[in-house]
Amino acid sequence: MAPISRPAAALSGVLALLAALAAGHLVAGPISVNASPYLAVGNSAIDLTPVELKDFAVRTFGTHDKLVLLSGMALVLLLVSALAGLASRRRPWPGLAVIAAFGLVGLVAVYTRPDLDAVALLAPLASLVAGVATFLLLRRRAHREDASRRSFLLAGLGVLAGSAVAGVGGQLLGSTRDASASRAAVGRLVPARTAPAIPADADFAKLGTPPFLTPNRDFYRVDTALTVPQVRAEDWSLRIHGMVEREKRYSYDDIRNRPLVERTITMTCVSNEVGGPYVSTADFVGIELADLLGEAGVRPGAEQLFSSSVDGWTSGTPVAAALERGMLALGMNGEPLPLEHGFPARLVVPGLYGYVSATKWVTDLELTTWQARQAYWLKRGWAEQAPIKTESRIDFPRGFASVPAGIVRCGGIAWAQHRGIAKVEVRLDNGPWQPANLSTQVNVDTWRMWWAELPVPAGTHQISCRATDQSGYTQTSDRAGTVPDGATGWHTVTFSAK
Ligand SMILES: Nc1nc2c(c(=O)[nH]1)N[C@H]1C(S)=C(S)[C@@H](COP(=O)(O)O)O[C@H]1N2
Ligand SMILES: [Mo]
């Protein structure tokens, strides 16, 4: 038989891929979006990515890191499929081998996801069947002698249309399990004890610092979930077990019907570089972890509060910190937690970086030792103990800004959660350090804003800042990267005065 034309060969590879992904997405719909082979492979890729690369991705692409990953995967898949099609102009085996290999990767990815059951394997199986069937069908059409091109194009359009319907169908089926309706039904979470009102002079937003409370939509987001876990409040429960006197299980109503407390807390991500954006502040509403853990009765020898999310992500918090100041939060800035910030419930422990304290979509708390369990980022080289480091950031002038020479106003934020900020100093170039004006302290677990004025002659200059916390520690000038326990160094901004 004559070989298939090149365009038809490449197209049959690409269309088989589309049909496979769409069929998998459709079957995943009623099971879990995460069973969709494309997303399962993406999630596995995230978990397998070496720590330096992932840290680089978070730092470089920020919240877009996931989009970058998915687009990169799409590009590779398209390329390999087209090449596989081209390699199969005479015989189908090279293409079938590639489809089988992709199918296997999908099956393994779904099988190994911690949040999926065996029934989820139906999705990659559907992909495999659809991929093979489409590939063989299109090849047969391409081989037909009579009106070959027309017949092939019609079949191709059919596959395209079918894939679109299946893809959208899977999306619709999946969205019926969306948790937004459940979140809307929660209504207002009214704290019995509200946080003290934020004084007007707690920020210098008019000068260019962030507002004291970060609106929920602007609150930084960092997690390993490609799709936001959808957990309905009515389906949620929290189990407490391990080194406790009695195992406990709580429903959402069990928690929300208790007297709730509200606390203003600044959260920080360990992946925040000096000068970076992963620091935000909110009023969190929930209950003290000490109350919950007290009911379970923590046994002596328990060192680690090992918390798990529905999506399999885990975190290890020192028991002492969890007992002293940990919170199980249901609400944030007057609303139930947004889905992407952990609805229905998350942990917040002021003073510790998020990866050792802030489990979103939390469903399981195990009291254990450091020896017995290793949390997600610990296994990947990050530190076991990760208190937030004393830091400060310049928000204005912006880097490479051009300002009039003379008195230049600079300002920004500083944080040293659980110790509190005592002082922020700034300097021009290598000049003497000068104290900045500080905003009113809200509490030691939140950031503080600062501003200062410096006489600046015309030319290119640098402004640096450094904070001192209430324990007396001043930020070191030693530059350290984010791995394994948070960046250090002074934030410096270069600008020009004319
Ligand atoms: N389930 C889950 N919880 C998680 C994470 C995650 O990847 N999965 N990331 C943690 C990290 S590294 C940080 S810094 C905070 C960020 O919380 P936010 O996205 O609400 O700001 O959540 C923590 N909780
Ligand atoms: Mo983080």
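Residues numbered from 1 in each chain as written. Chains lettered and ligands numbered in written order. Predicted model: local features only at pLDDT ≥ 70, side-chain atom pairs only at ≥ 80, totals over all residues. Heavy atoms only, no water.

The protein appears in an unreviewed UniProt entry as Molybdopterin-dependent oxidoreductase from Amycolatopsis acididurans.

Engineer: Even after reading the chapter, I still don't get the domain arrangement of the protein, so can you show me in this structure?
Structural biologist: Interfaces are often sized by the accessible area lost when the parts come together. Each assigned domain of the protein is listed with its residue range as follows: domain 1 (6-175), domain 2 (200-380) and domain 3 (391-497). Distance from the C-alpha centre of domain 2 to the C-alpha centre of domain 3: 29 Å. Taken together, the contact pairs 33 residues of domain 2 with 32 residues of domain 3. For the pair domain 2 and domain 3, the two sides together bury roughly 2,500 Å², of which 64% comes from carbon and sulfur. Among the residues domain 2 hides against domain 3, the three largest losses belong to Phe204, Leu207 and Val274. Together they make up 25% of the total. There are zero salt bridges connecting domain 2 and domain 3. Viewed at the interface, domain 3 and domain 2 are joined by twelve residue pairs in polar contact (both at pLDDT 80 or more). At the level of elements, strand 3 (261-268), strand 4 (279-288) and helix 11 (319-325) are the ones that each hand at least two residues to the side of domain 2 that touches domain 3. Among the elements that make up the side of domain 2 that touches domain 3, the one with the highest residue count is strand 3 (five residues). For the side of domain 2 that touches domain 3, the residue count by class is 15 nonpolar, 13 polar and five charged. (Domains from an automatic or database assignment. Contact = heavy atoms within 4.5 Å. Buried area = accessible area lost by both parts, 1.4 Å probe. Salt bridge = Lys/Arg side-chain N within 4 Å of Asp/Glu carboxyl O. Polar contact = N/O pair within 3.5 Å; in protein donor to acceptor, adjacent residues only side chain to side chain. Helix = DSSP H or I, 4+ residues; strand = E, 2+ residues; numbered from the N terminus. Nonpolar A, V, L, I, M, F, W, Y, C, P; charged D, E, K, R; others polar.)

Engineer: Can you walk me through the nonpolar core in this structure?
Structural biologist: One recurring pattern in soluble globular proteins: nonpolar side chains tend to sit buried together. Of all hydrophobic cores here, the largest spans 48 residues; its most connected members are Ile240, Phe284 and Leu328. The element that contributes the greatest number of residues to this core is strand 7 (residues 327-332), accounting for five residues. Ignoring sequence-local partners within four residues, the contact set of Ile240 consists of Glu247, Lys248, Tyr250, Leu292, Leu293, Ala296, Leu365 and Leu367. With 27 residues, the next largest nonpolar core counts Leu39, Leu70, Ile388 and Ile413 among its residues. (Core = buried A, V, L, I, M, F, W, Y, C linked by side-chain atoms within 4.5 Å. Buried < 20%, exposed > 50% of the residue type's maximum accessible area, 1.4 Å probe, protein only.)

Engineer: So what exactly am I meant to see when it comes to the site of ligand 1 here?
Structural biologist: Neighbouring ligand 1 are 19 residues; Tyr220, Thr224, His341, Arg346 and Lys360 lie closest to it. One nitrogen or oxygen atom from the side chain of His341 is found 2.6 Å from an oxygen atom belonging to ligand 1. The backbone of Ala358 places a nitrogen or oxygen atom 3.0 Å from a nitrogen atom of ligand 1. Across the complex, the protein chains shield 98% of the 530 Å² of accessible surface that ligand 1 would expose by itself. Residues of the shell around ligand 1, tallied by class, amount to nine nonpolar, five polar and five charged. (Near = heavy atom within 4 Å. Areas by Shrake-Rupley, 256 points an atom, 1.4 Å probe, with all protein chains shown as cover.)

Engineer: Which parts of the structure should I look at to understand the UniProt feature "domain: Oxidoreductase molybdopterin-binding" (unreviewed entry) in the protein?
Structural biologist: The UniProt feature table records "domain: Oxidoreductase molybdopterin-binding" (unreviewed entry) at residues 226-377. The span residues 226-377 shows a helical share of 13% and a strand share of 38%, and its end C-alpha atoms are spaced 17 Å apart. (UniProt positions renumbered as here; feature names shortened; annotations may be inferred.)

Engineer: When you look at the sheet that holds strand 13 (residues 406-415) in this model, what are you seeing that I'm missing?
Structural biologist: Paired through their backbone hydrogen bonds, the strands of a sheet run either parallel or antiparallel. Sheet architecture is open: four strands sit in the order 11-13-17-16, paired in antiparallel fashion. Since the sheet does not close on itself, it has two edges, and those belong to strand 11 (391-396) and strand 16 (437-438), each with one partner. (Pairing = 2+ DSSP bridges.)

Engineer: Is there a simple way to think about the sheet that holds strand 18 (residues 459-469) in this case?
Structural biologist: The strand order across the open sheet formed by five strands is 12-19-18-14-15, and the pairing between neighbours is mixed. Strand pairing shows two members of the sheet lacking a second neighbour, strand 12 (402-403) and strand 15 (434-435), which therefore form its edges. Note that strand 14 (residues 421-428) and strand 15 share two bridges and pair antiparallel. Note that in strand 15 the partner of Glu425 across the bridge is Pro435.

Engineer: Explain the pairing of strand 18 here, please?
Structural biologist: It is a general feature of regular strands that their side chains alternate between the two faces of the sheet. A large share of strand 18 lies buried, amounting to eight of its eleven residues. One ladder, built from seven bridges, connects strand 18 with strand 19 (residues 491-497); its direction is antiparallel. Note that in strand 19 the partner of Cys465 across the bridge is His491.

Engineer: Just to check I follow, could you spell out the packing of helix 2 (residues 37-48) against helix 4 (residues 65-86) for this structure?
Structural biologist: For any two helices packed against each other, one specifies the crossing angle of their axes together with the interaxial distance. Running from N to C, helix 2 and helix 4 point in directions that differ by 115 degrees, and their axes come no closer than 11 Å. Crossing hand, helix 2 versus helix 4: right-handed. Residues Tyr38, Leu39, Val41, Gly42, Ala45 and Ile46 of helix 2 pack against Leu69, Leu70, Ser71, Met73, Ala74 and Leu77 of helix 4. Residue classes in the contact of helix 2 with helix 4 are distributed as ten nonpolar, two polar and no charged. (Axes fitted to C-alpha atoms, helices over the stretch in contact; angles between N-to-C directions. Left-handed = near helix turned anticlockwise from the far one by under 90°.)

Engineer: What's the story with the UniProt feature "transmembrane region" (unreviewed entry) in the protein in this structure? I'm lost.
Structural biologist: Residues annotated by UniProt as "transmembrane region" (unreviewed entry) correspond here to residues 67-86, 93-112, 118-139 and 151-173. Segment residues 67-86 splits into 100% helix and 0% strand. End C-alpha atoms: 29 Å apart. Taken end to end, residues 93-112 is 100% helix and 0% strand, and its two terminal C-alpha atoms sit 28 Å from one another.

Engineer: Can you help me understand helix 3 (residues 51-61) in this one?
Structural biologist: Along helix 3, the positions that sit buried rather than exposed are Val51, Lys54, Asp55, Ala57 and Val58. One side of helix 3 holds all its buried residues, which, seen down the axis, span an arc of 155 degrees. As for helix 3, its buried residues are in contact with helix 2 and helix 4. Immediately downstream of helix 3, the backbone of Gly62 shows phi near 55 degrees, a positive value. (Arc of directions from axis to C-beta.)

Engineer: Where do I start with a nonpolar patch on the surface in this structure?
Structural biologist: Together, Val76, Leu79, Val80, Leu83 and Leu86 make up a nonpolar patch on the protein surface, roughly 430 Å² of accessible area in all. Relative to the helices and strands, Val80 is located in helix 4. A relative accessible area of 31% means that Val80 is categorised as partly exposed. (Patch = residues over 30% accessible without salt bridge, like charges linked within 9 Å, V, L, I, M, F, W, Y side chains within 5 Å.)

Engineer: Looking at this model, I keep getting lost on the packing of aromatic side chains. Mind explaining?
Structural biologist: Geometry of an aromatic ring pair is reported as the spacing of the ring centres plus the angle between the planes. In the structure shown here, the tally under the stated rule is eleven aromatic pairs. With a centroid separation of 5.9 Å and an interplanar angle of 55 degrees, the aromatic rings of Tyr220 and Tyr278 are classed as tilted. Taken together, the positions of Tyr220 in the loop between helix 8 (180-186) and strand 1 (237-242) and Tyr278 in the loop between strand 3 and strand 4 put the pair 58 residues apart, joining distant regions of the chain. Accessibility expressed as a relative area gives 8% for Tyr278, which makes it buried. Consider the rings of Trp433 and Trp490, whose centres lie 5.0 Å apart with planes at 80 degrees: the pair is edge-to-face. Of the two residues, Trp433 sits in the loop between strand 14 and strand 15 while Trp490 sits in the loop between strand 18 and strand 19, which places them 57 residues apart along the sequence. (Phe/Tyr/Trp six-rings, centres within 6.5 Å; stacked < 30°, edge-to-face > 60°.)

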